[in-house]
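Observations on the three-dimensional arrangement
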Amino acid sequence: KDVYAIDQLVVRLNAPDEASLIKLFNENRERITEVLNLRERERTMELINAVENVKVSNILLEKYDLKVKVPRDAVLVRSEKDFAWIKYDRVKFKSGQAYDVDEGILIYSYPYTVDTTFTLEHILKVRDTVLRTYIFGPSEGCYLSTERESLFYPVAIETSIGKEYAFEVRGLNTCVNDFYGGPFLSMSTYDKKRKRIVTVEGYVHAPNFHKREYLREVEAMIYSLELE
């Protein structure tokens, strides 16, 4: 840590020759990637913590019994009984032109009733129902859904948030009856106290920019989740 630069993380590999180095790297590439991604998430969370929108966080705590940290410029645009939508929109410049960069956080919960809750198909089924109900596209009659083309079919992993089990899904949004989309990250966990499933997910719409750093931002917001 901090080798010649504050807050930097360095991975050093030592091997007697090039072939051994390549072998060592290939054997550990997933672990290395995981460590670097985790540190990047932590760094982004630290930045968000410094500019947290306390007003939105307090509303989430009072109404939904959970905490999610979002930046100061984030806006709570919809708040229903078991659903909240937070938008974090900005204008970015590229080659002298101004473009919109849209990020959003969706929070929804539902009773835990079936043992197959933490499966990809069940999570996507609930997700598409929520999107069809609450998240409409840029023109009349269109709404967001999950891209299911084989090349872009969502992928899921079992992970954890804090000390609790979590089910993470990554994929692409698509817009039914219009053109609108981008990557999303969804994370679901079980709230033992209230016997409910809580899902927090984020999306990015930035057609003129690379999405990785913006997706890191929503990932940091998602993984700030704390159940009360």
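Our subject is the structure listed above.
Residues numbered from 1 in each chain as written. Predicted model: local features only at pLDDT ≥ 70, side-chain atom pairs only at ≥ 80, totals over all residues. Heavy atoms only, no water.

Now for the nonpolar core. Within the largest apolar cluster, 31 residues are counted, with the highest numbers of intra-cluster contacts made by Leu 60 and Ile 107. Every element with two or more residues in this core is listed here: helix H2 (54–64), strand E3 (83–94), strand E4 (97–111), strand E8 (182–191), strand E9 (196–205) and helix H4 (212–222). The element contributing the most residues to this core is H4, with six residues. With residues up to four places along the chain from it excluded, the contact list for Leu 60 reads Asp 65, Leu 66, Val 68, Ala 84, Ile 86 and Ile 107. Leu 120, Val 130, Cys 142 and Phe 167 belong to the second-largest nonpolar core, a separate cluster that totals 20 residues. (Core = buried A, V, L, I, M, F, W, Y, C linked by side-chain atoms within 4.5 Å. Buried < 20%, exposed > 50% of the residue type's maximum accessible area, 1.4 Å probe, protein only. Helix = DSSP H or I, 4+ residues; strand = E, 2+ residues; numbered from the N terminus. Contact = heavy atoms within 4.5 Å.)

A word on the packing of helix H1 (residues 18–50) against H4. Between H1 and H4, the shortest axis-to-axis distance is 9 Å and the interhelical angle comes to 75°. Between H1 and H4, the interaxial angle falls into the category roughly perpendicular. Judged by residue contacts, Asn 37, Glu 40, Arg 41, Thr 44, Met 45 and Ile 48 of H1 engage Glu 213, Arg 216, Glu 217, Glu 219, Ala 220 and Met 221 from H4. Looking at the contact of H1 with H4, its residues break down into four nonpolar, two polar and six charged. (Axes fitted to C-alpha atoms, helices over the stretch in contact; angles between N-to-C directions. Parallel < 35°, antiparallel > 145°, perpendicular 65-115°, else oblique. Nonpolar A, V, L, I, M, F, W, Y, C, P; charged D, E, K, R; others polar.)

Inspection of the entire model under this criterion finds 21 salt bridges. Linking Asp 89 and Lys 87 is a salt bridge whose minimum nitrogen-to-oxygen distance equals 3.5 Å. A relative accessible area of 36% places Asp 89 in the partly exposed class. Residue class for Lys 87 comes out partly exposed when judged on its relative accessible area of 25%. Arg 196 serves as the salt-bridge partner of Asp 191, at 2.7 Å between the closest nitrogen and oxygen. Take Asp 191 and Arg 196: they sit in the same class, and that class is buried. (Salt bridge = Lys/Arg side-chain N within 4 Å of Asp/Glu carboxyl O.)

Its place among the elements puts Ser 188 in strand E8. Using a relative accessible area of 0% as the deciding quantity, one classes Ser 188 as buried. A polar side-chain atom of Ser 188 sits 2.7 Å from a polar atom in the side chain of Thr 199. Ignoring any residue separated from it by four or fewer positions in sequence, one finds Ser 188 in contact with Phe 118, Ile 123, Tyr 165, Ala 166, Phe 167, Ile 197, Val 198 and Thr 199. (Polar contact = N/O pair within 3.5 Å; in protein donor to acceptor, adjacent residues only side chain to side chain.)

Let us look at the environment of Tyr 153. Along the chain, Tyr 153 falls in the loop between strand E5 (143–146) and strand E6 (155–161). As a C-alpha pair, Tyr 153 and Arg 170 span 17 residues in sequence and 9.0 Å in three-dimensional space. Each residue touching Tyr 153, except ones within four places of it in the same chain, is listed here: Leu 120, Glu 121, Leu 124, Glu 147 and Arg 148.

Right, let's talk about H1 for a bit. Where H1 bends most, at Asn 28, the angle is about 60°. All of the buried residues in H1 are Ile 32, Arg 39, Arg 41, Thr 44 and Ile 48. Summarising the contacts, the buried residues of H1 are in contact with H4. (Bend = angle between axes of the 7 residues up to and from the residue.)

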